[in-house]
Structure formats: C-alpha cells, structure tokens
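Below are the chains, spelled out letter by letter.
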Amino acid sequence: MNKSFIFILIIFMILSLVTGCGSYKEIEQLSPVAGIAIDKSPIGYKLTVEIIDVDESNKEPKFVSLKLSTEGKSIFDCIRNMINLTAKKLYFGHTSVVIVSKDVAKDGIIPIIDFIFRDAEPRINMYMVVSDEYTANEILHLKSVSTDIRSFEIDTMIVSNDQLSKVPNTSVYQLANHIGTPGLYPVIPTVSMEVNEGLETIVLSGGAIFKQDTLEGFLGLDDIKCLRFIRNEIKGGLFIFDISNTTISLEIFKNKTKVRPKIVNNQLVMEIKIKTIVSIGETNGQIDTLHENSINRIKTIAETSLEDDILQFIKTIQTDYGLDIFGFGNIVKQRMPDLWKEIETNWDSIFKELDIDVDADIHIRGSGNLFKNITEKQ
Amino acid sequence: MKNLQDYNISYSLDENINLMKEIFKDDNTLKIKKLQNQFNPNMVCCIFFINGMVDENIISEYIIKPIITNRISSNLNQMDTFQDQIIMSCSSEKTKDISKLVDAVLMGNTALFLECENNCLIIKSQGWQTRNIEEPTVEKALRGPREGFNECLMVNLSMIRRKIKSNKLKFNFMTIGDITNTDICIAYIEGLAEEKILENLYSQLNAIKIDGILDVKYIQEYIDKEPFSIFETTGSTEKPDVVASKLLEGRIAVLVDGSPVVMTLPYIFIELFQSADDYSLNYYFSSINRILRIFGFLSTISIPPIYLALVTQHQEFIPTPLMMSIYASRISTPLPTILELTGLLIVFEELREAGARMPSFIGQALSIVGALVLGTAAVDARFVSAPIIIVVGMSGIAGLITPNLNGASNVIKIALIFLSSILGLYGYIIGMTFLLIHLFKLDSFGIPYMSNLTTFNMQSLKDTAVRFPAWYMRLRPRYMTNNHIRSNGGKNHE
C-alpha cells in the first residue's frame, strides 16, 4: 500500500463525514408548503402559506394544515421573513397552488410568476388562481371538504374539472407562455367562497381575464365552457339546450375544434369548425330518441344552439373587453404570417370588429342505455 | 534433514525398512507389514501403506493373500513375477525413484519391497471415506438433475463422463501445490474448446507456485486477469449437468481434488444470471425468472442509493403523497437517513451472515430477533423510520435472488450509497456509468465479459435475458468456439 493510496483513502474517509455539505438536507428538516396565498398589504405583500404538518398525538400520524403569514416588500422578502416564525426552512417543491387576491392581480402578477420560475424549488406546473371577492388569505383558511390540506384540494378540483370544462385548466407555465404569446390573452381559474350545507367552503367560480399580467375582468362558468370550445380544450362535460319545453343534456365524449383565418371579400374572417361526439345523457321523456328523423332534429337544434352560444360569447368579449383571449391573433400569425406582420400593431382594434363564422357538427352517438322513453306505453 | 533425493533403495530389505522408517519418522500412520510365503520361507517381502488412506480389503485380499498362499520360487527378476503374476491389482508400477515412492504411499498406494531387489512395486490400493453424492445446497434444482459434486476428484470426473460418453472428452491431470500435491484436472471437449484459450490456461496454471491448493478458489484468484475486480471472470458450479453443458458450448472446466466446486471458463456476465433450472423448466417461465434475476440485481444495488438521493437531496422528485408519508415517518427519528440506511444494511448483512453460519437450531430465534425486534420494534420505538425498513428489505430480498452476485452487489451498493450521499442522483448515475465502463472493460480469457449483450442478433441473444427454446439454440456461442453447429434445429420448426 503506497502513500498516495492512503492519502486518497483518508480524503474519502473525511468526505464521508462532511456529507452535510452540498445540497444534502433531511426531509424532516423542511416545511413542505402546499399552497401560497398572496394579498396586498400596506408595505407590499402579505403572504400566507399552508404548511403540511404532522399531528403526532396519535400512533397513526395525521396530516394537518398549518397556516402562517408574513408581510414583506416582495414575495421573496415575505418568504424569507417566514424564518422568523418557523424553525424549519419552507420548501416549495410540492407547492400545488398560488392564490392571488383580486387587488394583487390588478397590480400585476409578474413578480409572482418571476419568483416561481426563478427559484429552483417551486414547480412551474402549479396552478395560479384568482380569488374574486375574498382575500386570498380568507380562501386559504376555508375548511376543506375532501382532504386535510386545503391547497391540494384546489389543485385536484381544477384537474378534475376537465369532466365539466367550466374552469380554464391553465397552469403557471402556460400562463407565462400566454402572457408572452402575441395575439393571445391568458385566462386563469378563479375561486370564491360558498356556504354549502352550512359549511363555508371553496368553490371554483370561472375564469379571470388578464391583459398581459393585469386583471381585466371575470368570466362565468358557462362562458369558460364556450372559451374551452373555441380553444379546443374540451375534454368532457355537458351541453344543455332546450327544444320546445324539453331540456336535453348531451354528454360530450370528444371534441375537436379547428380555427382557421379566411379572407372573404377582402375581410379577415375567423372560421371556427367544431366537431363534437356526444350521447344523449338526459331528457324529460317527451322526445323520441329512437328514430333518425327525431335524432336529426335534436342534432340540428343542438348545433344551432351551440353556434349561437359561441357567437354570443365572442360578441360579448369583443364589445366588453376587446381582448383576444381565444388566441385568434396567434392563429393568424401561424397561418398567415405575412398578413400578421401588417396587422400586428393594431390587432386589438381589428379583433373588436372581427367577423366570426361558427360551424358546429354534433354527432349523436347514442342515447345511453335507453332507446325508448320510460313514459312510453308498451 | 536429508532430502528425499539423497536416499537410495538398497538390496537389503531390512535397510529399506529402516529407510522408510526414517522418511516417515514420527508419522505413526505408516504401517509396515512383513510377509513370508508359506511354501518358500526364503521368500520374504514387506509392504508399506498409510493407515486410513487405503482400502484394507484390497490389501489383505489381493496383495497379502496371493503373496502368502501362492507357490513362489525364488528367482531373478522376482519383482517382474510379482507384478505380472502374483499381485492382483489393476494398476501397479515398478520404480526406483524414492520421491515417487513416497508420493505414491502418501496418496494411499501400497509399496512392496522384496529382499535382494533395489526397486519397489507401487500397487494401487486407495480407499477412503468420501461424502455421498448429494444435492448441492447453494444450487438447488426444482426439476433438473439433483446430483452434485463431492470432494473426490475421480468421483467428480466419473459424473461428468457419465453425461458425455465420448472419446472427445479429455481429462488432463496436473499437480499444483509444493506441499499438498493437489491433483488438478482440466476437462474439455476436443474440437470444441478453443486451442488458444487452452494454451493460455495451461501456461497460467504452470506459472502457479504455491505451497498448497485447498479449493478451486485459489486457482480462480491466481488466474484472474483483473485481480481487483469485484466480478469473477471464471465461473463456479457444483453441478455436473452445468459443467457438461458448458463443456458442450466449448468451455473448459478445471476440477481440483478436495473441492466440490468446479471452475468453468471463459465466463461471461450473463452466466451469473443463468441457473441450471432454466433449461429444465418451460422457457416462458424460465425467461421470466431470468428477467427477475436481472431486475433483482439492478434493484438491490439501486433501491438504497436512489431512496437516499431522493429523500435527502431531490425531495421534489418524490410524488407528493409519498413525500408526505416519508415526511411523517421521518419526523422525530434521531438519525440522519444515511446513518439509518447504512446501519440497517449492516444489520441485514449480519442477519444473512449469521443465518448462513449458525447451527440450524438457532434459526427460529434469529428470525424472531430479525423480523420483530429489528423491524417493527425499531420503527415503533422511533429508532428508525419505516420506509428505511422497506427499502433495506426490498434491497435484501432482491439481492438474495442472485446469490452468485451477492459479494459484488454489496460492494456496488455501498459505493453507490456513498456517491449518492454526496452528489445525489448525479452520484448514482456517475457510479452506474463507472460500473458499466468497468463491466465492458473486463474480459475472460480474451472473451469480452459483456458478450451477447450488445447485439440484436437473435442467435446471440438466445440465452441472455430470455431463454429461447432448446430447438432454437442451433448454434454454439460464436465467441466461444469455431465449431458452431450443434443441432439441425428440429425439422418441424424450420
């Protein structure tokens, strides 16, 4: 055994004792943050975090939610000020949601997105939601229904909303992309409070429109469904309409929306083609779902109804906000790059006057497990 | 002390007796018996043998009885008469060489001296107790042949010969060990074994200078080309059917007297995962088993370092619910993860070692201590966190699947744990990269260690992770031999 070998051996033996250096950190030394709520405060921001804590009073450890809040000039300042309150370092690797109050959103959400992207820990696929009436702090303090951790519940609610399609499924990295995409304005989910069976609980209440990074207004749940139809984001949900006193619910299985710009009479027209596969989910029993004529009637009326809804919604956005949340500008940029270069600067005004051509094609696949109505006499 | 070369056999029987007494001084196992023919009292001779090494029936029936009861006349060339007409033995040899004589007597042969003859006759009379042919405990078979080698070289050779009845099967003897004089046998099939490998093996065996060979492992370590590697480049088995199948593939076997383990070479990495049972069971089933073994090896070396890296450095990689449960169980445990992990791995290895060495009647106590005290109680008392027990348990079970690799996987595991405690997953990846580089650098007698694992040729892959049906294995391993065709592949399957 020569000297250099012993020397290397000693170095390695010392190395094994200094493994506390580097990024070695024990999992129990961290305070995992499930969610963050950001409000305005006189000096800047008021940040509330929901920490996953373990209740060790029983033999079976139980997860409890612990809320702490600090104030600071910036988001990062608030987070570092938290060290005064907790012995452990906050850990954002598993943070699933950021709740932003209306006031903060009106001032701009760039500082928050900047922190999420710049810091190594937070995941960029978390959700950012806007609380419309209450402060973010209040929302975070509401009682959770399904889990002990409030923030994870919001996250699950948004993900499972794909079966309903009434809330935009926009995570933080998509939000950042949308902010940076010309001809597209972002829409992110909103949350509100509702008293349900005597329990004050959180509820998803639609979407918030942003002009770049500042809040411009709110959209209702049904508006978001139209928005998701146009953006080709429908993954499920219902389409409900009336035929002469009969309310019919169609269950959407598959939807494909294609938006193409067209030049008609020297005028830019957006052509929206919607292809939806549905099945009859519920009727009040007055309508025949067996014969082709009747099915075709349902189909025609449903198509007209969907087209009307979407046209109506686009009109409202054009007149009320004038913000291209549908990404029409972006589609023009991809399909007609030359035209886009000409109109890019005054796209906002062009959007307000943009002609829309909606063509819905609804294919009714079946009528569920019933082919005759229950009221029908044998 | 006089050298054996300095002694000479004289014409006087009494002098020869004294000579033998001097050579075997203080060795009371030497038996000296003087014999006299009953018809010719002048006909005196003396036999020498080592008590315990000989079959006494052979000596009394076929050596002593003919000498005493036959009518023997004194004449010249008496020794030749004895060799050809009197002694009833299948093997006898005349010699004047005293060292050869001593070696022969020590191996259990009987030496016969005659009056007025300056040479002696060595008569084969070996006979000693050997272990019965039993099933080897480390290579248990579910279906295939159950016999295993024992410590007697000739018995072992007979077991191989019984499987390969061909004059092409060659057994070459040599002796290694200055003091032990251990018999070594090199077995191969002529025409299949590569000449170059055989020459290489002979030159390496001839170069070994050692006082004694007690096990085949001595030779394995001497001829290992990478003596510091944790992987063995020669195979070991205790089953004649395994040796026979390797010989048929063009490999060479080395048997050592006194060792039930037979060395086969060249040896490649995938053989570590092959088991004799694979060829006796349905090939779908044995393929699943073999994939399990490979997976077991990978998991036994990977689970602890990856867990350590994830829990201490990359908490964001763990799915949130799992992270929460690890978090909950880690709270208020005193030791850092690295100490918990190494400590419990050591405990596991201690349990394994204790289980292998202790008398079997303590077994139950050991499992109670192991399972209850170290498992549940340690977690309940918050000595260690529960996931560590699971991680160490999974790694331990996976390691037991491949007993051949137990030593190597323990070394790799410790190195990877060390690396991932410093560098996290980077350390793990660096360690695995070095492991792969090392494996691809190794070779066994010129055959790359990772042969057959870097190709998409179906005939080369037939016996790797998946065991193909027997009729598909038409060719012998390409790298092992020049004589490829082993079967017509079965006409039904062409």
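Everything quoted here is computed from the prediction, not taken from an experiment.

Draft legend 1. Main features of the overall build of chain B. Summing up its helical and strand segments, chain B has 16 helices and 12 strands in all. If you line up chain B on its principal axes, its C-alpha atoms span 100 × 60 × 40 Å. Within chain B, the proportion of its 494 residues that are buried is 33%. Considering only intrachain contacts with a sequence separation of at least 6, the fraction spanning at least 24 residues in chain B is 65%.

Draft legend 2. Region of the structure containing the sheet that holds strand β8 (residues 235-237) of chain B. Residue and element names in this part refer to chain B. Spatial strand order, β6-β7-β9-β10-β8: five strands in an open sheet with antiparallel pairing. Each of the sheet's edge strands pairs with one partner strand only, and the pair in question is β6 (169-176) and β8. Going from strand to strand, the sheet's axes swing by 25° on average, the running direction of each strand aside. In terms of strand pairing, β8 meets strand β10 (residues 262-265) through three bridges, oriented antiparallel.

Draft legend 3. Region of interest: the environment of B:Arg293. All names here are of chain B. By secondary structure assignment, the location of Arg293 is in helix α9 (residues 283-312). The buried category is assigned to Arg293, around which 21 C-beta atoms lie within 10 Å. When the C-alpha positions of Arg293 and Pro403 are compared, they lie 9.9 Å apart, and in sequence the two are 110 residues distant. Among all residues touching Arg293, those that are not within four sequence positions of it are Phe273, Ile401 and Thr402.

Draft legend 4. Structural detail: the domain arrangement of chain A. Residue and element names in this part refer to chain A. For chain A, the assigned domains read domain 1 (27-219) and domain 2 (220-378). Opposite the 21 residues of domain 1 that make contact, domain 2 presents 24 residues. Elements with a minimum of two residues in the side of domain 1 that touches domain 2: β8 (199-211) and β9 (214-219). Broken down by element, the side of domain 1 that touches domain 2 gets its largest block of residues, four residues, from β8. Classifying every residue of the side of domain 1 that touches domain 2 by side-chain character gives nine nonpolar, eight polar and four charged.

Draft legend 5. Representation of the interface of chain A and chain B within the structure. With 22 residues of chain A at the contact, the number on the chain B side is 21 residues. Those elements giving two or more residues to the side of chain A that touches chain B turn out to be α1 (3-17), β1 (30-41) and β2 (44-55) of chain A. Within the side of chain A that touches chain B, the residues separate by chemical class into 10 nonpolar, six polar and six charged.

Draft legend 6. Structural context of helix α9 (residues 292-320) of chain A. Residues and elements named next belong to chain A. With 29 residues, α9 extends 41 Å between its outermost C-alpha atoms, agreeing within 8% with the 42 Å of an ideal straight helix rising 1.5 Å per residue. Looking only at α9, the buried set comprises Ile298, Ala302, Leu306, Ile310, Phe313, Ile314 and Ile317. Just beyond α9, the residue with positive phi is Gly322, at close to 65°.

Draft legend 7. Representation of the domain arrangement of chain B in the model. Residue and element names in this part refer to chain B. Per the domain assignment, the segments making up chain B are domain 1 (4-123), domain 2 (153-267) and domain 3 (283-444). Using C-alpha coordinates to define each centre, domain 2 is positioned 35 Å away from domain 3. In this complex, domain 2 contributes nine residues to the contact, which on the side of domain 3 involves six residues. Grouping the amino acids of the side of domain 2 that touches domain 3 by side-chain chemistry returns five nonpolar, three polar and one charged.

Draft legend 8. Here's a closer look at the pairing of β10(B). Residue and element names in this part refer to chain B. Of the two faces of β10, the one lined by Val262 and Thr264 and the one lined by Met263 and Leu265 are each fully buried. As judged from the three bridges shared by strand β9 (residues 252-256) and β10, these two strands associate in the antiparallel manner. Following the sheet pairing, Ala253 is matched in β10 by Thr264.

Conventions we followed
- Residues numbered from 1 in each chain as written.
- Chains lettered and ligands numbered in written order.
- Predicted model: local features only at pLDDT ≥ 70, side-chain atom pairs only at ≥ 80, totals over all residues.
- Helix = DSSP H or I, 4+ residues; strand = E, 2+ residues; numbered from the N terminus.
- Buried ≥ 20, exposed ≤ 12 C-beta atoms within 10 Å, placed from the backbone.
- Contact = placed C-beta atoms within 7 Å.
- Pairing = 2+ DSSP bridges.
- Axes fitted to C-alpha atoms, helices over the stretch in contact; angles between N-to-C directions.
- Domains from an automatic or database assignment.
- Nonpolar A, V, L, I, M, F, W, Y, C, P; charged D, E, K, R; others polar.
- Expected span 1.5 Å × (residues − 1).

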